[in-house]
Amino acid sequence: MKTLVIVVLCVLVAEAIKFIPNHPLIAYEGRVDRSNEYAYKYDWSGVSVKAKFTNATSLRIIIDQGNNHCNVILNGQIFEDQFAFDNLKPYNVYDLVIAKRTEAFVGIITFQGLTLNDGAQLVAIAQSGRRIEFIGDSITCGYGDVGKYPCSFSPETEDNYV
C-alpha cells in the first residue's frame, strides 16, 4: 500500500518598518538635496548618513548608489557596499554610518531610507557641535589612496573615508 505524505511548511515572515530619509532620528553630514522627503540625493565625497537603532534582527539600507562606492560602518566595523544585515542581536544598540567614498564626478547617490524588523526602533544620536568643511580636488576626495602605483582613476581606487 502506498502512503501519501504531505508536508506543510510554515514560514513566519516578520513585518518590517521602513524609516524614510526625512525621519528626525536619521542624521546627515555634508551637502544633501532634501527636496524629496522619500529620496535624498547627494554627490559630494564624504557625505554620510547616520542612524542609531535597537531591538533589531535585520537591517536593509535602501539606496541607489549608481557607480559609487560606500562604506557602511556598523558598530565600528567597515563593510564595503553591503546594504543588508541579518542575524543582528536585538539586545544590542547599533551605530550606523553610510559614507560616500567616491567623488562627485562618479555620480549621485539616492538614499531612500532604512528598513528594520518589526519591533526595532531608531534612537537619538548625540550630535557634535563641531563643523569642518574641506575644499579641494580629487586628492581631497581620496583619489588613488587604495590603488597600486601607478594608479589610474577608477571609483574602486578612491576612498574618501580612509
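Fair warning: this is a prediction, and the values are worked out from it, not measured in the lab.

(A) Representation of the confidence of the model for the chain within the structure. Per-residue confidence for the chain gives a mean pLDDT of 86, with 89% of residues at or over 70. In this model, residues 1-13 is a region of pLDDT below 50 whose contacts with residues beyond four sequence positions or in other chains number 0 contacts.

(B) Quick look at the pattern of salt bridges. In the structure shown here, the tally under the stated rule is 4 salt bridges. In this structure, D95 engages K52 in a salt bridge whose closest nitrogen and oxygen atoms are separated by 3.9 Å. Taken as a pair, D95 in strand β9 (residues 93-100) and K52 in strand β4 (residues 48-54) lie far apart in primary sequence, 43 residues in all. Its salt-bridge partner being D86, residue R60 comes within 2.9 Å of it at the nearest N-O pair. With R60 in strand β5 (residues 59-64) and D86 in the loop between β8 (84-85) and β9, this residue pair connects regions lying 26 residues apart in the sequence. Since its relative accessible area comes to 33%, R60 is described here as partly exposed.

(C) Local environment of unusual backbone geometry. The phi angle at N55 is positive, at roughly 60 degrees, despite the residue not being glycine. In this structure, N55 sits in the loop between β4 and β5. The phi dihedral of D81 falls on the positive side, at around 55 degrees, and the residue is not glycine. Residue position: D81 is located in the loop between β7 (77-80) and β8.

(D) Main features of the side chain of T110. Here T110 shows up in strand β10 (residues 109-117). Since its relative accessible area comes to 12%, T110 is described here as buried. Excluding residues that lie within four positions of it along the chain, T110 makes contacts with A39, Y40, K41, I62, I63 and D64.

(E) Up close: the environment of Y91. Inspection of the secondary structure assignment puts Y91 in the loop between β8 and β9. Along the chain, Y91 and T54 lie 37 residues apart, while their C-alpha atoms are 6.8 Å from each other.

Here is what the cut-offs are and how they apply
- Residues numbered from 1 in each chain as written.
- Predicted model: local features only at pLDDT ≥ 70, side-chain atom pairs only at ≥ 80, totals over all residues.
- Heavy atoms only, no water.
- pLDDT = per-residue confidence, 0-100.
- Contact = heavy atoms within 4.5 Å.
- Salt bridge = Lys/Arg side-chain N within 4 Å of Asp/Glu carboxyl O.
- Helix = DSSP H or I, 4+ residues; strand = E, 2+ residues; numbered from the N terminus.
- Buried < 20%, exposed > 50% of the residue type's maximum accessible area, 1.4 Å probe, protein only.

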